[in-house]
Amino acid sequence: MLSSGVITYVLLDELQIFTNKSEEDKYREQINSLIETIKSKIQRERDLSTSSEIKIYIVNDAQTTDEIGEEYFNSIMDEVKNKERIYKFLLIISEDRDLLEMYIKRSGFTAGVERDKLYINQDRFDLNDSDEVMWILTHELMHIIQYSNFELVNPKFMDQKIAWMTVIEGDADFTAIKVTNKTDRQEIIESYKKIQDPLLSIQLFPYIFGQGFIEEIYVRGGWNLVNKLYVEPPESTEQILHISKYLIKENPEKVEVNKLNDEWEVLMSDTMGEYFIQIMLKNWIHHTDAEEAATGWGGDNLTLFRMGETNILMWKIVWDSEQDAQNFYQTFNTMLEINDSNIIVREDKRQDWSYNLGVISVLIDGEDVYIIASDRDLNIKKHKLNN
């Protein structure tokens, strides 16, 4: 898996773009010299190293986006299409947007790694910008060192994956700060926070919150406590956003929704998390209201079913208190109203709406909120959500 910027994908073959060997050799020699310097600095700062030989691959923009990115995303087309259905049901993207096309357009990178392989995009990697080059190479070299020194897991659920990637990217960023003494990254982080695109905001979570999370862990226990994150990683974006929840090990509750009968195929079952809920709501309401409504998340399960041409989304969200559940319930219904959805049923503990994708029902039961949506005008009341 290649770690770089926002998008990750696999690179299979070495790609050549230089017109003559001496030009390429000179470029590689410069990078190798910088790498040896950085390895020594990381060794002194972190007491971590890699014994494997680092292989350097030189690529360009056209190859990373047109050849490699498209090939990878086409290989996961079904997964992307399922996510697209979910994002449209929840009003995160408009009905006419193509998620695969969006991902492919964003698949370029400046530098990235795949275990002991370092990929450099010559179109974006300017060796004359010494400060930025040192930062990028330190960040990417830390990924190689992470592979060499820690067991890097692959969590099953989206929210857990984002939290795990926040540790990996945050450690690389914070180590780069310590090694290069480059402390002016906050402006970049603040610019990420202002991005309006909800999907990009989700993808950028590790880069927005990772550095700060690792720094707080480092202040509490130095590099030993940071290294412990690879053994006891955060279980959710909630634990990143509220570090006290990580420190006291307040882990998410395991949540399930009832399966439908055997005629319905399960396309996807996932945990979305506090930050996803935040971003979903921010797409329609003020960010402070969205953040408040997402706070108190205790766990969730979102499952997407299909039978023929009909899709049903079932999402159960558990909250820390009845007040937290009520706050989200009201805010989510406000989001639907702002979207010009048409109210069908309005009760104290249930509201049903019709909108451009079909129908959606929102229910509250104590500390639990249930959302069920379908792209067909079904009698969604007959589908039980809770076990």
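1. Topic: the packing of aromatic side chains
Going through the model one piece at a time under the given rule, you end up with 14 aromatic pairs. Through pairs of rings, three or more aromatic residues link up here, namely Tyr87, Phe276 and Trp315. Directly above the ring of Tyr246 sits Lys249, whose terminal nitrogen or CZ lies 3.7 Å from the centroid.

2. Topic: the sheet that holds strand E1 (residues 55-59)
Spatially, 3 strands are ordered E1-E3-E2 in an open sheet, and the strand pairing comes out mixed. The sheet is open, and its two borders are formed by E1 and strand E2 (111-114), each paired with just one other strand. Along the sheet, successive strands turn relative to each other by an average axial angle of 25°, direction set aside. Both E1 and strand E3 (residues 117-121) contribute to a ladder of 5 bridges, which runs parallel. For Val59, the partnering residue across the bridge sits in E3 and is Asn121. Along the sheet, helix H5 (residues 130-149) makes contact with E2 and E3, crossing E2 at roughly 10°.

3. Some points on the sheet that holds strand E8 (residues 350-355)
The strand order E4-E5-E6-E10-E9-E8-E7 describes an open sheet built from 7 strands, whose pairing is antiparallel. Of all strands in the sheet, those bounded by a partner on one side alone are strand E4 (265-270) and strand E7 (342-346). Mean inter-strand twist for the sheet, computed between neighbouring axes without regard to direction, equals 15°. Both strand E6 (residues 310-319) and strand E10 (residues 368-374) contribute to a ladder of 7 bridges, which runs antiparallel. By the bridge assignment, Lys316 is partnered in E10 with Tyr370.

4. Remarks on the pattern of salt bridges
Under the defined criterion, the tally for this structure stands at 17 salt bridges. Salt-bridge contacts for Lys245 lead to Glu238; the nearest nitrogen and oxygen are separated by 3.9 Å. Accessibility expressed as a relative area gives 16% for Lys245, which makes it buried. Given the relative accessible area of 2%, Glu238 is considered buried. One salt bridge in this structure joins Asp352 and Arg350, with 3.0 Å as the shortest N-O distance. Linked through salt bridges whose partners overlap, the residues forming this network are Lys81, Glu84, Lys88 and Asp98.

Reading guide: rules and limits
- The residue numbers shown here count from 1 along each chain, following its written sequence.
- Confidence filtering applies because this is a predicted model: local features only for residues at pLDDT of at least 70, side-chain atom pairs given and counted only at 80 or more, and all residues used for totals across whole chains, interfaces and linings.
- Working from all heavy atoms in the structure, the side-chain values ignore hydrogens and water.
- Pairing of aromatic rings covers Phe, Tyr and Trp, the last counted by its six-membered ring, and requires centre-to-centre distances within 6.5 Å; plane angles under 30 degrees mean stacked, over 60 mean edge-to-face, and any other angle means tilted.
- Only lysine NZ and arginine CZ atoms are considered, and such an atom sits over a ring when it is within 6 Å of the ring centre and within 35 degrees of the ring normal.
- A pair of strands is labelled paired if DSSP reports no fewer than 2 bridges between them.
- To qualify as a helix, a DSSP run of H or I must reach at least 4 residues; to qualify as a strand, a run of E must reach at least 2; elements of each kind are numbered from the N terminus.
- To obtain each axis, a line is fitted to C-alpha atoms, and for helices this fit is confined to the stretch in contact; angles are then taken between N-to-C directions over 0 to 180 degrees.
- Residues count as neighbours in contact if any of their non-hydrogen atoms are within 4.5 Å of one another.
- One side-chain nitrogen of Lys or Arg within 4 Å of one carboxyl oxygen of Asp or Glu is enough to make a salt bridge.
- Buried, partly exposed and exposed residues are distinguished by accessible area as a fraction of the type maximum, computed with a 1.4 Å probe on protein chains only: under 20%, between the cut-offs, and over 50%, respectively.

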